[in-house]
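Below, each chain spelled out in residue letters.
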Amino acid sequence: AELTISCIKADVGGFVGHSAIHPALKDEAGRQLEIARRHGLLIDFHVTACGDDLGLLMTHRLGVDNHDIHRLAWDVFDICTRVAKELKLYGAGQDLLKDAFSGNVRGMGPGIAEMTIVERLSEPIIVFFADKTSAGAWNLPLFRMFADPFNTAGLVISPAMHEGFRFRVLDVRKGETITLSTPEEMYDLLVFIGAPGRYVVESITAKSTGVIGAVSSTQRLALIAGRYVGKDDPVCIVRAQGEFPAVGEVLEPFTMPHIVEGWMRGSHYGPLMPCRIGDAHPGRFDGPPRVIALGFQIAEGRLIGPRDMFDDPSFDEARRLCNVIADHLRRHGPFEPHRLPMEEMEYTTLPEVMKKLADRWQPVNGHAVSPEQVAYQ
Ligand code: 13P
Ligand code: 13P
Ligand code: MG
Ligand code: MG
Ligand code: MG
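The shown structure was predicted, so the numbers you read here are calculated from the model rather than taken from an experiment.

Procedures and definitions
- Residues numbered from 1 in each chain as written.
- Chains lettered and ligands numbered in written order.
- Predicted model: local features only at pLDDT ≥ 70, side-chain atom pairs only at ≥ 80, totals over all residues.
- Pairing = 2+ DSSP bridges.
- Helix = DSSP H or I, 4+ residues; strand = E, 2+ residues; numbered from the N terminus.
- Axes fitted to C-alpha atoms, helices over the stretch in contact; angles between N-to-C directions.
- Contact = placed C-beta atoms within 7 Å.
- Buried ≥ 20, exposed ≤ 12 C-beta atoms within 10 Å, placed from the backbone.
- Near = placed C-beta within 6 Å.
- Nonpolar A, V, L, I, M, F, W, Y, C, P; charged D, E, K, R; others polar.
- Domains from an automatic or database assignment.

Q: It is not clear to me how the sheet that holds strand β1 (residues 2–10) should be interpreted in this structure. Could you clarify?
A: Working definition: the strands of a sheet are paired by backbone hydrogen bonds and lie parallel or antiparallel to each other. With antiparallel pairing, the 4 strands of this open sheet are ordered in space as β2-β3-β1-β4. Edge positions in the open sheet fall to β2 (44–50) and β4 (111–118), since each of these has one partner strand only. Each neighbouring strand pair of the sheet contributes to a mean axis angle of 15°, computed without reference to strand direction. Sheet analysis places β2 next to strand β3 (residues 53–60), joined by 7 bridges and oriented antiparallel. Each residue of the ladder has a partner; that of Ala49, found in β3, is Leu54. Set on the sheet, helix α1 (residues 23–38) makes contact with β2 and β3; between it and β2 the angle comes to about 165°. On top of the sheet, helix α2 (residues 67–86) reaches β1 and β3; it is set at about 150° to β3, its chief contact.

Q: Can you help me understand helix α3 (residues 139–147) in this one?
A: What sets the pattern is the α-helix's 3.6 residues per turn: residues three or four places apart point alike. For α3, a buried count of 9 out of 9 residues is recorded, marking the element as mostly surrounded by other parts of the structure. All of the buried residues in α3 are Asn139, Leu140, Pro141, Leu142, Phe143, Arg144, Met145, Phe146 and Ala147.

Q: Looking at this model, I keep getting lost on the site of ligand 2. Mind explaining?
A: Surveying the vicinity of ligand 2 reveals 14 residues, the closest of which are His18, Gly230, Lys231, Arg265 and Asp286. Among the residues forming the shell around ligand 2, the class breakdown is 1 nonpolar, 5 polar and 8 charged. Taken domain by domain, the makeup of the shell around ligand 2 includes at least three residues from each of domain 1 (1–118) and domain 2 (121–335).

Q: Before we go on, may I ask you to explain the domain arrangement of the protein in this structure?
A: You'll often see interface size given as the accessible area lost when the parts meet. Under the domain assignment, the protein is made up of domain 1 (1–118) and domain 2 (121–335). The C-alpha centroid of domain 2 is placed 21 Å from the C-alpha centroid of domain 1. Each partner contributes to the interface: domain 1 provides 31 residues, whereas domain 2 provides 34 residues. Listing elements by their share of the side of domain 1 that touches domain 2, those giving two or more residues are β1, β2, β3 and β4. No other element matches β4, which puts 6 residues into the side of domain 1 that touches domain 2. For the side of domain 1 that touches domain 2, the residue count by class is 12 nonpolar, 12 polar and 7 charged.

Structure (structure tokens):
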């Protein structure tokens, strides 16, 4: 039978500030999902948190984009928001951008990564959760896992992987997707996913079997809300072994703490720090951005786990390097390239400040700008 893995997450209130989650929210979410499991809607579930984001991992037989599953997630976030309001947690209901549920949580604020699979003889999966960053943060690690032979030995030596993979990429501005095939279209793929603010890897399938291997949340909150409402804080589900990268190949990209957008006020670049679940409480300048990795073996839909995959001294150097990079970037203070470029600051509160100063600018002779340049202002 087909099994669907649904990971739906939202920030419904931070403790303290945007740094972490209050245990009462996780407890409430667990109670609600346990009721759904007893009623037979879910086979199994796991509740987690990364920073101030509450993550609901659920297995069921209803397929992706299922009304009842999405309704359940929305209701859980709604109930948890009530708890958050009682405790006056910070930004209670932050990611619930619409008032009423309308059939599907897509476009309503929560992040969603879902895949339907036929469970293999052994089904290892890794679920990544990030805080203080944007949906495109998985582009680089997903490329490394599924297309870079310097990361993934299996691309070279495993007959099951040697054919390569198909990447489906979403243009978040136009709402269009393109599917590109690696290795032959690797350079074309990089044209787009090297710009993670605009192009986001949505899913990856194995060419040898046509089977899905990874799916990520692509919601861009600022584009839904039209204003700054915090960062997307995305999730990603990756299947491992067999025709997919080995578990160690799935984790390996995070030994290079790549620079992502997010961090303080969603307005800065910073290194993505792989950390233990218990360390996913970004405190320094509301960061640096965090990623946690929860490993599970799936058994007839049951989630056996999680194993805390970054709870391993072999990631200590990556964490140390993150702190070195964080120190260096922080010393730039309000200067680029620590602060995001102007185009990206469009969805922060900076334009409001600039508007106040608009009539203070005096024209200077000989410095007229072309219409193309005006477009940037
Ligand atoms: P083990 O012998 O520990 O099972 O390792 C097998 C392997 O292929 C690790 O990548
Ligand atoms: P979150 O998206 O995690 O709430 O972060 C918002 C923010 O502005 C942190 O400084
Ligand atoms: Mg928050
Ligand atoms: Mg967050
Ligand atoms: Mg957020």
